[in-house]
Amino acid sequence: MAAVSGLVRRPLGEVTVRDAINQGMDEELERDEKVFLLGEEVAQYDGAYKVSRGLWKKYGDKRIIDTPISEMGFAGIAVGAAMAGLRPICEFMTFNFSMQAIDQVINSAAKTYYMSGGLQSVPIVFRGPNGASAGVAAQHSQCFAAWYGHCPGLKVVSPWNSEDAKGLIKSAIRDNNPVVVLENELMYGVPFEFPPEAQSKDFLIPIGKAKIERQGTHITVVSHSRPVGHCLEAAAVLSKEGVECEVINMRTIRPMDMETIEASVMKTNHLVTVEGGWPQFGVGAEICARIMEGISKKLVLEYSQAVVNIMYLNTYSIKRLKARSVWHFSSRKYFKSKSRKSCVQFPGCSCCSCHWC
Amino acid sequence: MAVAIAAGRVWRPNRGLSQQQQFSSLDDKPQFPGASAEFIDKLEFIQPNVISGIPIYRVMDRQGQIINPSEDPHLPKEKVLKLYKSMTLLNTMDRILYESQRQGRISFYMTNYGEEGTHVGSAAALDNTDLVFGQYREAGVLMYRDYPLELFMAQCYGNISDLGKGRQMPVHYGCKERHFVTISSPLATQIPQAVGAAYAAKRANANRVVICYFGEGAASEGDAHAGFNFAATLECPIIFFCRNNGYAISTPTSEQYRGDGIAARGPGYGIMSIRVDGNDVFAVYNATKEARRRAVAENQPFLIESTPNLPPDPHSREPHTDLGIGHHSTSDDSSAYRSVDEVNYWDKQDHPISRLRHYLLSQGWWDEEQEKAWRKQSRKKVMEAFEQAERKPKPNPNLLFSDVYQEMPAQLRKQQESLARHLQTYGEHYPLEHFDK
């Protein structure tokens, strides 16, 4: 694979997220000549974050296209190309800049198949880094999972590790619907063990299926993208204290895999959602709402006390909330009669005063 | 039909053209909306003129000699020395902060190499109260307006002295006192905003102009188109200043546009336009001064394209000469897309600082001794500010929550309190010693 020839030699089987995405795109470009990549700096510069390294050299100007600086312009061009039968991968330097193009993504890419009565499909992939990076300030740090996850017509995926990245980008490219792939800049350089099946050119991860990264019995922790790593770290710390977390990597934001989450919560009776986006109207808020509207009736009465939705700070804040949540579950058996301050948001809940929910 | 139009109907062309057309009832004059045009009976497409495009206005030649004496701005010695010192101090600060990023002391930096003349020349032609909307490479404007080194450094380090409370990436300066709107990262968003501000200035009869800087790459954004069009239709006192340095990260102008640069777009919008030599601080000064005078007097926009500024340099990792020229930012290595020959040409031929120095020398206002002394002094000033900035702590974590709104909502206050409690228990896991208590 010529695109991968620039790889630093790593321990056998280890691939960085960047190289996984690169491999995925390379394989799909090779497989189908209708696939092409466009965006700012993707060609000769190898990509602003070097994700498309080697691709321009291998495929040339026709397939890897540098555009002038206009997100609304090149997103529109990509949508038009998709409508005419090509399969574009439209890269945003970060998803923060996709706001310049959001009309093209939502009003054109997402809604067209429906509004044309099924006549006009838009097989397009929008990809790029999403969420916080290091010290790049508010305009480079927003997580768009909730924004794009809100809209019918779009599929939205959010890979965490290399396996996710490769499997999901390939599925996204092969999918005939518009797919938004939310990567993470800080994950690009992180190496992961690449399972043997991931090395296949037909390795696909189904869109709409979450993965249980770690089995557990006491509490369900649901996350996507980089925070999944933090959840696993927190789980390791809590395990030493006898709390076993079940960590779910969502992988897909829309359509959300509620079955996996519900099955897990039925088992553990506790849920913490962790994300890089803001809490109000966020991914976690949606998960909590669906749990409350769905299976909550099958669970223990004081269920609402244990449903906590936090915006991630770091591993230690995750640990603190999980620990408190577990403590309250067990303490409820012994301190039922003790009156505590009632929560404004969840009347009847007197779990804690953290107010994160 | 033109014949049906009664005699005496006068069609007044768009402001900016001074003719007034009277049609007799026998005239077959075309009624083209918004412009004045003649009929033609030969099929001919207008050729975009890129071979001999809009000429580049300059005042000094490469040796700093005034070419046409009637264009000499005759600036007094103190002003020219201020121009020179602002440019060189900026250059010195750039080199030290670039190195500090390379050493991991600050997270990011953008140099202004080669563009010192455009910043300082244009700033010198404005009133101090004229509002500035920049893109991210206009630190020289602030330098000319005497923004202290301490505050430049404070912003880059995000320390407690930073007026922006450490919330921005480095080089995203903002200063209300000096009428410099805080830099915003997304490209070209400042263009329609600047037009709006200019409209407000017109409404207030403020005798104030707004200047809006952007690069030739950002001019590809849709916001630029909207901004230009609105400035013309709303008749706003604004100067659009395009810094064309040939590259947008690695994208050369040949891939950015196919027309005759940005200046050629102005007339398409009905905007008075000019192209100036970015290495000639007097040319920049003259053009900006005249644009300012007329923008305010006539309430109309002006477009100045400065080119060629020095493009990024693959060799800025080498020990600097005082003609150092830089990459797009510290996230960039331009050796991938710039040839060595191209850079050497610029390096040896021309630079705004050296041109002005030649002028100063020929006027007898500067000499080698003063140059040496000033280099030492400016470096010392920068190093002192740098060392101080390094030592200062970062802002208190409480400031994460303020200024989201004018008044802090209850929910944010609760989060602020929650963080405070969290830090009480888990503070040892955070680098609190670097932050203000």
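What you are looking at is a predicted structure, and each value in this text was computed from that prediction instead of being measured.

A. Highlighting the overall build of chain A. Helices and strands together make up the secondary structure of chain A, namely 11 helices and 14 strands. For chain A, the proportion of its 357 residues judged to be buried stands at 57%. Summarising the internal contacts of chain A: among those between residues at least 6 apart in sequence, 81% fall at separations of at least 24. Looking at chain A as shown, the accessible area adds up to about 14,700 Å², and 56% of this sits on carbon and sulfur atoms.

B. Highlighting the side chain of T251 of chain B. For T251 of chain B, the position within the fold is in strand β8 (residues 251–252). Residue class for T251 of chain B comes out buried when judged on its relative accessible area of 2%. One polar contact links T251 of chain B to E41 of chain A, side chain to side chain, over a distance of 2.6 Å. With sequence-adjacent residues up to four places away left out, T251 of chain B is seen in contact with E41 of chain A together with G246 and Q256 of chain B.

C. Just the domain arrangement of chain A, in detail. Residue and element names in this part refer to chain A. Once the domains are mapped, chain A shows domain 1 (14–199) and domain 2 (211–311). Computed from C-alpha coordinates alone, the two centres of domain 1 and domain 2 are separated by 27 Å. Between domain 1 and domain 2, the residue contacts involve 22 residues of the former and 20 residues of the latter. Buried surface at the junction of domain 1 and domain 2, both sides included, amounts to about 1,600 Å², of which 56% is carbon and sulfur. Sorting the residues of domain 1 by area buried against domain 2 places C143, S158 and W160 first, and these three jointly supply 33% of that buried surface.

D. Inspection of the sheet that holds strand β4 (residues 87–91) of chain A at higher detail. Residues and elements named next belong to chain A. Ordered in space as β3-β2-β4-β5-β7-β6-β12, the 7 strands form an open sheet in which the pairing is mixed. The open sheet terminates on both sides in strands that have one partner only, identified here as β3 (64–66) and β12 (252–254). Shown here is a sheet whose adjacent strand axes are inclined to one another by a mean of 20 degrees, direction ignored. Here helix α1 (residues 17–31) sits on the sheet and contacts β2 (35–39), β3, β4, β5 (125–129) and β7 (179–183); the angle it forms with β2, its principal contact strand, is near 130 degrees.

E. Spotlight on helix α7 (residues 162–174) of chain A. Residues and elements named next belong to chain A. If you check α7, its first and last C-alpha atoms are 18 Å apart, about what 13 residues at 1.5 Å a residue would give, namely 18 Å. A large share of α7 lies buried, amounting to 12 of its 13 residues. Restricting attention to buried positions, one finds in α7 the residues S162, E163, D164, A165, K166, G167, L168, I169, K170, S171, A172 and I173. Between the side-chain oxygen at the start of α7 and the backbone nitrogen of E163 there is a gap of 3.4 Å, and the oxygen is on N161.

F. Expanded view of the nonpolar core. Counting 102 residues, the largest nonpolar core has M93, Y173, F214, I238, F240, F282 and L356 of chain B as its most contacted members. Of all the elements, helix α1 (residues 77–102) of chain B adds the most residues to this core, at 11 residues. If near-sequence neighbours (up to four positions away) are discounted, M93 of chain B is found in contact with Y109, M143, L149, F152, M153, Y173 and V382 of chain B. Core analysis: the second largest hydrophobic core is formed by 42 residues, A75, C143, Y148 and I248 of chain A among them.

G. Highlighting the UniProt feature "domain: Transketolase-like pyrimidine-binding" (unreviewed entry) in chain A. The sites that UniProt annotates as "domain: Transketolase-like pyrimidine-binding" (unreviewed entry) are residues 15–190 of chain A. As a span, residues 15–190 of chain A carries 36% helix and 16% strand, and end to end its C-alpha atoms are 8 Å apart.

H. Structural detail: the interface of chain B and chain A. Contacts between chain B and chain A engage 36 residues on the former and 29 residues on the latter. Between chain B and chain A lies a buried interface of about 2,600 Å² when both sides are counted; carbon and sulfur atoms form 52% of it. Where chain B touches chain A, the interface holds 6 residue pairs in polar contact (both at pLDDT 80 or more). Broken down by element, the side of chain B that touches chain A gets its largest block of residues, 8 residues, from helix α13 (residues 410–426) of chain B.

I. Highlighting the packing of helix α4 (residues 149–157) of chain B against helix α12 (residues 368–391) of chain B. Residue and element names in this part refer to chain B. Contact geometry for α4 and α12: axes closest at 9 Å, N-to-C directions at 40 degrees. Comparing their axes, α12 and α4 come out oblique. Along this stretch, α4 crosses α12, giving a crossing that reads as right-handed. Contacts between α4 and α12 involve L149, E150, M153 and Y157 from the first element and K381, V382, A385, F386, A389 and E390 from the second. Looking at the contact of α4 with α12 residue by residue, the classes come out as 7 nonpolar, no polar and 3 charged.

J. A look at the packing of aromatic side chains. Residues and elements named next belong to chain A. For the structure on display, the rule yields 20 aromatic pairs over all chains. For the ring pair F92 and F95, a centre distance of 5.7 Å and an interplane angle of 65 degrees mean the geometry is edge-to-face. The class for F92 is buried, based on a relative accessible area of 0%. An angle of 40 degrees between the planes, with centres 6.3 Å apart, marks the rings of F144 and Y148 as tilted. Pairwise contacts between aromatic rings join F74, F92, F95, F126, F144, W147 and Y148 into one cluster.

K. The arrangement of the UniProt feature "domain: Dehydrogenase E1 component" (unreviewed entry) in chain B in detail. UniProt records the feature "domain: Dehydrogenase E1 component" (unreviewed entry) for residues 84–306 and 325–397 of chain B in the present numbering. Between the C-alpha atoms that bound residues 84–306 of chain B there is a distance of 19 Å. The span itself is 43% helix and 13% strand.

L. Examining the domain arrangement of chain B more closely. All names here are of chain B. Split into domains, chain B comes out as domain 1 (75–312 + 319–389) and domain 2 (395–427). In this structure, domain 1 and domain 2 have C-alpha centres spaced 37 Å apart. Interface area, domain 1 with domain 2, both sides summed: about 390 Å², of which 48% is carbon and sulfur. A per-residue breakdown of the area domain 1 buries against domain 2 is headed by I160, K165 and R167, which together make up 87% of the total. Where domain 1 meets domain 2, there are 2 salt bridges. Between R167 and D403 there is a salt bridge whose closest N-O contact spans 2.7 Å. Joining domain 1 to domain 2, the criterion identifies 4 residue pairs in polar contact (both at pLDDT 80 or more). A breakdown of the residues in the side of domain 1 that touches domain 2 according to their chemical character gives 1 nonpolar, 3 polar and 2 charged.

M. Expanded view of the pattern of salt bridges. The tally for this structure, following the rule as stated, stands at 44 salt bridges over all chains. Across the pair K82 of chain B and D146 of chain B runs a salt bridge, and its minimum N-O distance is 3.3 Å. With K82 of chain B in helix α1 and D146 of chain B in the loop between α3 (139–144) and α4, this pair connects stretches of sequence that are 64 residues apart. Of the residues examined, K82 of chain B reaches a relative accessible area of 27% and is grouped as partly exposed. A salt bridge links R375 of chain B to E371 of chain B, with the shortest nitrogen-to-oxygen separation between them at 2.9 Å. Placement of both R375 of chain B and E371 of chain B in helix α12 is noted, with a separation of 4 residues, approximately one turn of the helix. Salt bridges sharing partners connect three or more residues here, namely E27, E28, R31, K166, K170, R174 and D202 of chain A.

Cut-offs used in this document
- Residues numbered from 1 in each chain as written.
- Chains lettered and ligands numbered in written order.
- Predicted model: local features only at pLDDT ≥ 70, side-chain atom pairs only at ≥ 80, totals over all residues.
- Heavy atoms only, no water.
- Helix = DSSP H or I, 4+ residues; strand = E, 2+ residues; numbered from the N terminus.
- Buried < 20%, exposed > 50% of the residue type's maximum accessible area, 1.4 Å probe, protein only.
- Contact = heavy atoms within 4.5 Å.
- Areas by Shrake-Rupley, 256 points an atom, 1.4 Å probe, with all protein chains shown as cover.
- Polar contact = N/O pair within 3.5 Å; in protein donor to acceptor, adjacent residues only side chain to side chain.
- Domains from an automatic or database assignment.
- Buried area = accessible area lost by both parts, 1.4 Å probe.
- Pairing = 2+ DSSP bridges.
- Axes fitted to C-alpha atoms, helices over the stretch in contact; angles between N-to-C directions.
- Expected span 1.5 Å × (residues − 1).
- Core = buried A, V, L, I, M, F, W, Y, C linked by side-chain atoms within 4.5 Å.
- UniProt positions renumbered as here; feature names shortened; annotations may be inferred.
- Parallel < 35°, antiparallel > 145°, perpendicular 65-115°, else oblique.
- Left-handed = near helix turned anticlockwise from the far one by under 90°.
- Nonpolar A, V, L, I, M, F, W, Y, C, P; charged D, E, K, R; others polar.
- Phe/Tyr/Trp six-rings, centres within 6.5 Å; stacked < 30°, edge-to-face > 60°.
- Salt bridge = Lys/Arg side-chain N within 4 Å of Asp/Glu carboxyl O.

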